[in-house]
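Remarks on the overall topology
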Amino acid sequence: MPKDRRKASDNYRKPPAEHQFKKGVSGNPKGRPKKKVVQPGGNALGGGTFDRMSAMVLAEANRLIPVPEGDKVCEIPAMQALLRTMYVAAAKGDTRAAAKLLDVAGRAESARAILAQEAVDYAVEYKKKQLPTVEKHEREGLDPPDIYPHPDDFLINEITGEFIIDGPTSKEQAGARKAFREIALRATPRYFELKGALAKDPKNRALRKEFKEQKYMDFLQKDSDRNMRHTALQQARAALEPKPAEPEDDQPDNPDGKG
């Protein structure tokens, strides 16, 4: 029986002729849908699942959790707590925990050593480049040059291979430091007043609170230490500076020839 004479059927495998595909005519005139492009850090839906997961993992690793510390409870990052647990297990003879810790510690130490060496190399090259300008100003009695950070503020630990910058790293920081120094100097009398009052009344909560908020003396002490370091290095450079040769005395000791 020809297809166009078939009766409608409830069998989905044999649909009526009017609903069957026509020969040479596409069943999808709009064409095949384009594939979704997966962006880096995302998925086919463009949701950035990897980035979100990484953020959550790091957030949980750095989340503070309570940990017993003797008779107290302190808060440390979750990752640190996990490492502490592994160290305890390794100390008790867990060889698997010990092997993992040795691997982690070795990789961390290698990375730290590389970064420390790069940092020290940078500090040494910076000082070598900037010190001639500083020394020139010192020889000529000029004010210190506007170099930030100052080469004398690079403190290098030759044992650990690390360094810190103890001073302003920009002109703006230097200006803010100067302004804060003036405020600290004006607040110094009040600091000693509070110190004397607390010596007489150590249980006075109001005095103790105000004294605790006095952070100026710590700043002034560190600033004084920095100035002393600069002065000592300046004096050391002056001592190592080659002395100019003294002119020779062409006149004889006894111009009249008498003994």
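It should be noted that the structure appears before, not after, this text.
Residues numbered from 1 in each chain as written. Predicted model: local features only at pLDDT ≥ 70, side-chain atom pairs only at ≥ 80, totals over all residues. Heavy atoms only, no water.

1. A closer look at the pairing of strand E2 (residues 72-77)
What counts is decided by this rule: The criterion for strand pairing is that DSSP finds at least two bridges linking the strands in question. Under the DSSP-based scheme used, a helix requires at least four consecutive residues in state H or I and a strand at least two consecutive residues in state E, with every element numbered from the N terminus.
Here six bridges tie strand E1 (residues 64-69) to E2, and the two strands are oriented antiparallel to one another. If you follow Val-67 over to E2, its bridge partner there is Cys-74. Linking two consecutive strands that pair antiparallel, namely E1 and E2, is a turn of two residues; a positive phi of about 70° is found at Gly-70 within it.

2. Observations regarding helix H6 (residues 216-240)
Stated precisely, the cut-off is as follows: Any helix carries an expected span of 1.5 Å times its number of residues minus one. Burial here depends on accessible area, computed with a 1.4 Å probe over protein chains only, as a share of the maximum for the residue type. Under 20% is buried, over 50% is exposed, and the range in between is partly exposed. Contact criterion: two residues are considered in contact whenever any of their non-hydrogen atoms come within 4.5 Å of each other.
Taking 1.5 Å of rise per residue, 25 residues should cover 36 Å, and H6 covers 36 Å from first to last C-alpha, within 8% of that figure. Three or more residues of H6 are buried, namely Phe-219, Leu-220, Asp-223, Arg-226, Arg-229, His-230 and Arg-237. Looking at the packing, one finds that the buried side of H6 touches helix H3 (95-139), strand E3 (154-157) and helix H4 (171-200).

3. A look at a nonpolar patch on the surface
Heads up, the condition is: Like-charged residues are merged into a patch within 9 Å and nonpolar side chains (Val, Leu, Ile, Met, Phe, Trp, Tyr) within 5 Å, provided each residue has over 30% relative accessible area and no salt bridge. The Shrake-Rupley method, run with a 1.4 Å probe, gives the accessible areas here. Residue values count only the displayed protein chains as cover. Here, a salt bridge means any Lys or Arg side-chain nitrogen found within 4 Å of an Asp or Glu carboxyl oxygen.
A cluster of nonpolar residues, Met-79, Leu-82, Leu-83, Tyr-87 and Val-104, forms a patch on the protein surface that exposes about 440 Å² of accessible area. For the nonpolar patch, the leading source of residues is helix H2 (residues 78-91), giving four residues. Within the secondary structure, Leu-82 sits in helix H2. Take Leu-82: its relative accessible area is 46%, and that puts it in the partly exposed class.

4. Brief notes about unusual backbone geometry
For the peptide bond that leads from Tyr-148 to Pro-149, omega is -5°, which places it in the cis range. Mapped onto the elements of the fold, Pro-149 is located in the loop between H3 and E3.

5. Concerning H2
For H2, spanning 14 residues, the distance from its first C-alpha to its last is 20 Å, which sits close to the expected 20 Å at 1.5 Å a residue. Downstream of H2 by a residue or two, Gly-93 has a phi angle that is positive, lying close to 110°.

It is worth stressing that arrangement in space is one thing and function is another; only the former is reported here.
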